[in-house]
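# Chains, contacts and geometry: an overview
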Amino acid sequence: MSFAGRGDDDLYTELWKLCAGPLVDVPQHAEKLFYFPQGHMEQVQCTMLFVGSINKSRVESANVCRVVHIRLLAEQETVEVYAQITLQPEAN
């Protein structure tokens, strides 16, 4: 569920934030942050049948990234809100 380009982006963003609650903090566009791939891999492995097929020892523990795109979305069936965030790794 996304209303991008329909002219009501500000209203949708405010509604999304109200549904997410006061403890949710979404990074801003172009903001630098640390990405921890191990946590992401653990979440993915929980939904996969072939647990353990990813070699965690070859993954960096933390990567400095920049936020390049954010989509505030809601699950159609449950109306649970989530953010889809695209990151660009920064050069070391």
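In this report, we go over the structure that sits alongside the text. All of these numbers come straight from a predicted model, not from anything done at the bench.

How each quantity is defined
- Residues numbered from 1 in each chain as written.
- Predicted model: local features only at pLDDT ≥ 70, side-chain atom pairs only at ≥ 80, totals over all residues.
- Heavy atoms only, no water.
- Helix = DSSP H or I, 4+ residues; strand = E, 2+ residues; numbered from the N terminus.
- Buried < 20%, exposed > 50% of the residue type's maximum accessible area, 1.4 Å probe, protein only.
- Contact = heavy atoms within 4.5 Å.
- Areas by Shrake-Rupley, 256 points an atom, 1.4 Å probe, with all protein chains shown as cover.
- Pairing = 2+ DSSP bridges.
- Axes fitted to C-alpha atoms, helices over the stretch in contact; angles between N-to-C directions.
- Core = buried A, V, L, I, M, F, W, Y, C linked by side-chain atoms within 4.5 Å.

### Comments concerning the overall build of the chain
Broken down by element type, the chain carries two helices and three strands. Burial statistics for the chain: of 92 residues in total, 14% are counted as buried. In the chain, 55% of the contacts between residues at least 6 apart in sequence involve partners at least 24 apart. Of the roughly 7,400 Å² of accessible surface on the chain, 55% is carried by carbon and sulfur atoms.

### Points about the sheet that holds strand 3 (residues 81-89)
Sheet architecture is open: three strands sit in the order 1-2-3, paired in antiparallel fashion. The sheet terminates laterally at strand 1 (32-35) and strand 3, the two strands that pair on one side only. Here the strands of the sheet are splayed against their neighbours by 60° on average, with no regard to which way each runs. When strand 2 (residues 63-74) meets strand 3, the two strands line up antiparallel, connected through nine bridges. Its bridge partner being in strand 3, Leu73 is matched across the sheet by Tyr82. The sheet strands contacting helix 1 (residues 9-20) are strand 2 and strand 3, and the helix crosses strand 2 at an angle near 95°.

### Thoughts on the nonpolar core
Soluble globular proteins tend to bury their nonpolar side chains together. Grouped together as the largest cluster of nonpolar side chains are six residues: Tyr12, Trp16, Val26, Leu72, Ala74 and Val81. The set of elements that each furnish at least two residues to this core consists of helix 1 and strand 2. With sequence-adjacent residues up to four places away left out, Val81 is seen in contact with Trp16, Cys19, Ala20, Leu73 and Ala74.

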